[in-house]
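Here is how the chains run, residue by residue.
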Amino acid sequence: MSTPPDSQTVERPNSQPAPATPFERLGGRPVIEAIVHRFYDLMEADPAYAGLRAMHQPDLAPMRQSLAGFLTGWSGGPRDWFDANPGRCMMSMHKPFVITEDLAGQWADAITRAIADSVPDDPQIRDAMTGVLTQLARGMAR
Ligand code: HEM
């Protein structure tokens, strides 16, 4: 005689915990902020990014806030930035700026360094984030 399935042991694939979002895997808001601060610190300090720096306002504090908010929601964390900027598209937002391949390369290089410095222990998420942001930046060049 067969025994009825025991509810304790039945496999329930849907009860698996959801996989971590990139935001969680990175280490959440503190790591996003570390990446963003490193990025703008490099932009301010390294002459290799002088062209990129010159396009920005003298005060980078609002940019630090905004990029951290964007990256938080974009990577699967709290979506406050998207709620505060409904329908705002990164590509269209950058249309007024003349972004040459050289400038896109400066952005891509600085974010690559910032991520490498801030996410040293997880090469998989580090490389994934670097790859997708680098592509996004290069896609803005014209
Ligand atoms: C491709 C090279 C890029 C260049 C040359 C560039 C340049 C700029 C400039 C000049 C501004 C305005 C700065 C200011 O008002 O002080 C800006 C704003 C911003 N950019 Fe970029 N950007 C690039 C790529 C990106 C990428 C790939 C992202 C996102 C992953 C991004 C995110 C932002 C954000 C969040 C803002 C602030 C928007 C706001 O709150 O008004 N940028 N960018």
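Source: prediction; values computed, not measured.

From N to C terminus, the chain includes eight helices and zero strands. Ordered by position in the sequence, the α and β elements of the chain form the string α-α-α-α-α-α-α-α. Relative to its length of 142 residues, the chain is extended, with a C-alpha radius of gyration of 20 Å against a globular reference of 14 Å. Among the 142 residues that make up the chain, the fraction classed as buried is 35%. When contacts within the chain are restricted to residue pairs at least 6 apart in sequence, long-range pairs at least 24 apart make up 71% of them.

Now for the site of the ligand. Near the ligand there are 20 residues, and of these Gln 57, Ser 66, Arg 88, His 94 and Trp 107 occur at the shortest range. Note that an oxygen atom of the ligand is positioned 2.9 Å from one of the backbone N or O atoms of Gln 57. Within the side chain of Arg 88, one N or O atom sits 3.2 Å away from an oxygen atom of the ligand. Counting only elements with at least two residues in the shell around the ligand, the list comes to helix H3 (50-55), helix H4 (61-74), helix H6 (90-93), helix H7 (101-118) and helix H8 (123-139). At four residues, H4 tops the list of elements feeding residues into the shell around the ligand. Broken down by class, the residue content of the shell around the ligand amounts to 15 nonpolar, four polar and one charged.

With respect to the helices and strands, the residue Arg 29 is situated in helix H2 (residues 29-45). Judged by its relative accessible area of 31%, Arg 29 falls in the partly exposed class. Residues Arg 29 and Phe 39 lie 10 residues apart in sequence; the distance between their C-alpha atoms is 15 Å. Residues within four places of Arg 29 in sequence aside, it is in contact with Phe 23, Ala 68, Gly 69 and Thr 72.

Looking now at H7. In a regular helix each residue adds 1.5 Å, so 18 residues correspond to 26 Å; H7 covers 25 Å between its end C-alpha atoms and thus fits that length. Taken together, the buried positions of H7 are occupied by Leu 103, Ala 104, Gly 105, Gln 106, Ala 108, Ala 110, Ile 111, Ala 114, Ile 115 and Ser 118. In this fold, the buried residues of H7 make contact with H2, H3 and H8.

Under the criterion given, the structure shown has six aromatic pairs. Relative to Phe 82, the ring of Phe 70 has its centre 5.6 Å away and its plane inclined at 35°; by these criteria the two rings are tilted. Separated by 12 residues along the polypeptide, Phe 70 in helix H4 and Phe 82 in helix H5 (residues 80-84) bring together distant segments of the chain. Pairing Trp 81 with Phe 82 gives two aromatic rings, centres 5.1 Å apart and planes at 75°, and the pair type is edge-to-face. Among the aromatic residues, those joined into a cluster by ring pairs are Phe 70, Trp 74, Trp 81 and Phe 82.

On average, residues of the chain score 92 in pLDDT, and 90% of them reach the 70 mark or higher. Across residues 1-9 the pLDDT falls below 50, and counting only partners more than four positions away or on other chains, this stretch makes two contacts in the model.

Turning to the side chain of Gln 106, a few remarks are in order. With respect to the element layout, Gln 106 can be found in helix H7. Ignoring any residue separated from it by four or fewer positions in sequence, one finds Gln 106 in contact with Ala 48, Tyr 49, Ala 50, Gly 51 and Leu 52.

Time to look at the packing of H2 against H4. Pairs of packed helices are described in terms of their axes, by the angle between the two and the distance that separates them. Between H2 and H4, whose axes approach to 9 Å, the crossing angle comes to 140°. Relative to H4, the element H2 is oriented oblique. Of the two elements, H2 crosses H4, and the hand of that crossing is right-handed. Between H2 and H4, the contacting residues are Arg 29, Ile 32, Glu 33, Val 36, His 37, Phe 39, Tyr 40, Asp 41 and Glu 44 on the first element and Met 63, Arg 64, Leu 67, Ala 68, Gly 69, Leu 71 and Thr 72 on the second.

Basis of the calculations
Residues numbered from 1 in each chain as written. Predicted model: local features only at pLDDT ≥ 70, side-chain atom pairs only at ≥ 80, totals over all residues. Heavy atoms only, no water. Helix = DSSP H or I, 4+ residues; strand = E, 2+ residues; numbered from the N terminus. Rg over C-alpha atoms; globule rule 2.2 N^0.38 Å. Buried < 20%, exposed > 50% of the residue type's maximum accessible area, 1.4 Å probe, protein only. Contact = heavy atoms within 4.5 Å. Near = heavy atom within 4 Å. Polar contact = N/O pair within 3.5 Å; in protein donor to acceptor, adjacent residues only side chain to side chain. Nonpolar A, V, L, I, M, F, W, Y, C, P; charged D, E, K, R; others polar. Expected span 1.5 Å × (residues − 1). Phe/Tyr/Trp six-rings, centres within 6.5 Å; stacked < 30°, edge-to-face > 60°. pLDDT = per-residue confidence, 0-100. Axes fitted to C-alpha atoms, helices over the stretch in contact; angles between N-to-C directions. Parallel < 35°, antiparallel > 145°, perpendicular 65-115°, else oblique. Left-handed = near helix turned anticlockwise from the far one by under 90°.

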